[in-house]
Amino acid sequence: MSIKPRIAVIGAGLGGVTCAILLQKMGHDVVIYEQAPRLARIGAGIGLGPNVLKVMREAGVMDQMMDIGIVHQSSYSRVWDTGEILWNRRDNDWAEKYGLPPLTMHRGDMLTVLSRALKPGTIVFNKQLLDIGTRMGETQLLFTDQTEYEADIVIGADGVNSKVREILLGYEPPIYTGFVAYRSIYPSSLLGDFKVSSDAAKWWSDDRHPAQEDRHFIIYYLTKQRDEIYFVTGSPAPDWPGGVSSIPATKKEIKECYEGFHDEVQRVIDAAPAASKWPLLERNPLPLWSRDNIVVLGDACHPMKPHMGQGAGMAIEDAAILARCIDAASGNFTAAFRRYRANRIERTSRVQRESHENVWMKHPTDPSWVYGYDATTIDLVSEDTL
Ligand code: FAD
């Protein structure tokens, strides 16, 4: 194997593309294989903490993202029915403490900015990984269209239903948590004269809610101009059909779930022209993150409930640490992957646990352990630490 390996990334999501950009900046030869025919502008917003923007700065895309996204001037934590404000965060205040503020934007816009930072032709579309084998000592990637490609290193960044994870550990479906997320994005002009009372708000149920089951409703602007608004929820739903990543949701079912919630929530639901419903999936921490020259990152490795807004953040931090470990490896990539795991498992497992609890930032919180982390500069521990 050459010292500069041929690196194959499976999946052009936020984690895979970030990893490819950073590796290319270090001079590595990277190809991304993506099953979709193109990058789609999936209808979802994304919140990026200062910890994530530090990686975006290293990738050379932060300024473009800041031009599009919004730093919320007010971000309320509120009681579901009375609207009592439990906490008002001003995202700009974090900039002083952590060097950068949190940023919110459309996920599709983020992926577009990221993909433009790749060398032209890096992403090969319509390539769904089927298997990984070896021929004459070379690793072969086999795709569902029966094409084959060689690689020296394979990075599985292929999301919660990861094929690479399955190849490493055998098939095991992710765990359905009993919660779905209703999501909708639409022009704020559809709210007419009504203005939401803050740039962002999370409305929390409590045990006075008639159904007495944990649920919340998040509303935020996606653009600097505040011309696009987004809602995303965490809503109890005992069953999920399986086999699909999302389905359309009716306004009736959303209204039923959020009956009794504050008028502001009702107005935002009423104005939505369409909505979708996504299952919230998790996995227990994986016993194995890599084998030989194959490694996983992001949701392929540690999918979590989205309640800290850090799932993509952890994929992006993984990407930065993995790229650093590969670059420093001098050809011993198995050791590099062990080092990557040693540097990531404690943090990602903690974020998985806290996300599951869904209490993050409800009341005044010191987020230093999350926001203060810098994957681009933190000292790396050795592979033997775990
Ligand atoms: P993905 O983004 O899932 O990308 C995987 C890619 O691999 C896809 O492009 C897919 O098409 C491709 N792929 C899959 N299988 C194959 C195959 N066999 N061959 C080739 N390609 C393949 N995170 C945040 O940080 N902030 C938030 O505000 C936030 N909000 C969220 C809200 C909801 C409702 C949900 C469900 C999640 C949220 N997350 C958030 C979490 C975040 O979406 C994920 O953690 C993140 O997208 C994971 O990135 P990834 O690159 O690991 O995987």
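Rules used throughout
Residues numbered from 1 in each chain as written. Predicted model: local features only at pLDDT ≥ 70, side-chain atom pairs only at ≥ 80, totals over all residues. Heavy atoms only, no water. Near = heavy atom within 4 Å. Polar contact = N/O pair within 3.5 Å; in protein donor to acceptor, adjacent residues only side chain to side chain. Areas by Shrake-Rupley, 256 points an atom, 1.4 Å probe, with all protein chains shown as cover. Helix = DSSP H or I, 4+ residues; strand = E, 2+ residues; numbered from the N terminus. Nonpolar A, V, L, I, M, F, W, Y, C, P; charged D, E, K, R; others polar. Pairing = 2+ DSSP bridges. Axes fitted to C-alpha atoms, helices over the stretch in contact; angles between N-to-C directions. Parallel < 35°, antiparallel > 145°, perpendicular 65-115°, else oblique. Left-handed = near helix turned anticlockwise from the far one by under 90°. Contact = heavy atoms within 4.5 Å. Core = buried A, V, L, I, M, F, W, Y, C linked by side-chain atoms within 4.5 Å. Buried < 20%, exposed > 50% of the residue type's maximum accessible area, 1.4 Å probe, protein only. Salt bridge = Lys/Arg side-chain N within 4 Å of Asp/Glu carboxyl O. Phe/Tyr/Trp six-rings, centres within 6.5 Å; stacked < 30°, edge-to-face > 60°.

A. Representation of the site of the ligand. Neighbouring the ligand are 32 residues, the closest being Glu34, Arg107, Leu129, Arg183 and Asp299. Take Leu14: an N or O atom from its main chain is 3.4 Å from an oxygen atom of the ligand. Residue Leu129 places a main-chain N or O atom 2.9 Å away from a nitrogen atom belonging to the ligand. Contact with the protein chains hides 85% of the accessible area of the ligand, taken as 1000 Å² for the molecule alone. Of all the secondary-structure elements, those providing two or more residues to the shell around the ligand are helix 1 (14-25), strand 3 (45-48), strand 12 (175-187) and helix 9 (311-327). The leading source of residues in the shell around the ligand is helix 9, at four residues. Split into classes, the residues belonging to the shell around the ligand amount to 13 nonpolar, twelve polar and seven charged.

B. Layout of the pairing of strand 9 (residues 138-143). Relative to strand 9, strand 8 (residues 129-135) is paired through six bridges, and the arrangement is antiparallel. Opposite Thr134, over in strand 9, you have Thr139 as the bridge partner. The antiparallel pairing of strand 8 with strand 9 creates a hairpin that spans two residues between the two strands, and Met136 there sits at a positive phi of about 50 degrees. Between strand 9 and strand 10 (residues 148-151), which pair antiparallel and follow one another directly, the connecting turn spans four residues, one of which, Gln146, has a positive phi of 70 degrees.

C. Region of interest: the packing of helix 9 against helix 10 (residues 333-357). Contact geometry of helix 9 with helix 10 gives a least axis separation of 9 Å together with a crossing angle of 155 degrees. Viewed along their axes, helix 9 and helix 10 adopt a mutual orientation that is roughly antiparallel. Along this stretch, helix 9 crosses helix 10, giving a crossing that reads as right-handed. In contact with Met314, Glu317, Asp318, Ile321, Leu322, Cys325 and Ile326 of helix 9, helix 10 contributes Phe333, Ala336, Phe337, Arg339, Tyr340, Asn343, Arg344, Arg347, Thr348 and Val351. Looking at the contact of helix 9 with helix 10, its residues break down into ten nonpolar, two polar and five charged.

D. Main features of the nonpolar core. Core analysis: the largest hydrophobic core is formed by 72 residues, its most contacted members being Met56, Met110, Leu141 and Ile155. Take this core: its biggest share by element is nine residues, from helix 9. Met110 has contacts with Leu14, Ile46, Leu48, Met56, Met65, Met105 and Ile316, leaving out every residue within four places of it along the chain. Formed by 30 residues, the second largest nonpolar core is a distinct cluster that contains Ile70, Tyr186, Ala237 and Ile269.

E. The arrangement of the pattern of salt bridges in detail. In the structure shown here, the tally under the stated rule is 22 salt bridges. Among the ionic pairs, Glu148 bridges to Arg135, the shortest N-O distance being 2.7 Å. Of the two residues, Glu148 sits in strand 10 while Arg135 sits in strand 8, which places them 13 residues apart along the sequence. We classify Arg135 as partly exposed; its relative accessible area is 45%. Among the salt bridges present, the one from Lys252 reaches Glu256, with a minimum N-O distance of 3.1 Å. With Lys252 and Glu256 both in helix 7 (residues 251-257) and four residues apart, this pair spans about one turn of that helix. Sharing partners across several salt bridges, the network here consists of Arg6, Glu138, Glu150 and Asp152.

F. Representation of the packing of aromatic side chains in the model. Applying the stated criterion to the full structure yields 14 aromatic pairs. Both rings, one in Tyr33 and one in Phe143, keep their centres 4.9 Å apart while their planes meet at 40 degrees; by these two values the pair is tilted. With Tyr33 in strand 2 (residues 29-33) and Phe143 in strand 9, the pair connects residues that are 110 residues apart, well separated along the chain. On the accessibility criterion, Tyr33 (5% relative accessible area) is buried.

G. View of the side chain of Gln352. On the secondary structure map, Gln352 appears in helix 10. Judged by relative accessible area, Gln352 falls into the buried class, the value being 9%. Here Arg283 takes part through its backbone oxygen, which lies 3.1 Å from a polar atom of the side chain of Gln352. Setting aside residues no more than four positions away along its own chain, Gln352 makes contact with Arg283, Pro285, His302, Pro303 and Met304.

H. Broad picture of the environment of Ala59. Summarising the element assignment, Ala59 is placed in helix 2 (residues 50-59). Residue Ala59 is classed as buried on the basis of its relative accessible area of 5%. Spatially, the C-alpha atoms of Ala59 and Lys251 are 40 Å apart, while their sequence positions differ by 192 residues. If sequence neighbours within four positions are ignored, Ala59 has contacts with Ile21, Leu22, Lys25 and Ala117.

I. Representation of the sheet that holds strand 10 in the model. In space, the three strands of this open sheet follow the order 8-9-10, with antiparallel pairing throughout. The open sheet has two edge strands with one neighbour each: strand 8 and strand 10. Each strand axis lies, on average, 30 degrees off the axis of its neighbour in the sheet, ignoring direction.

J. Molecular detail of the sheet that holds strand 19 (residues 294-296). Spatially, 7-2-1-11-19-18 is the arrangement adopted by the six strands of the open sheet, whose pairing is mixed. Here the strands that pair on one side only, and so sit at the sheet edges, are strand 7 (123-124) and strand 18 (290-291). Most of the contacts of helix 1 go to strand 2, to which it runs at about 165 degrees, and overall it touches strand 1 (6-10), strand 2 and strand 11 (153-156). Against the sheet, helix 10 engages strand 11, strand 18 and strand 19, with an angle of about 15 degrees to strand 19.

Bear in mind that shape data such as this cannot, by itself, settle questions of function.
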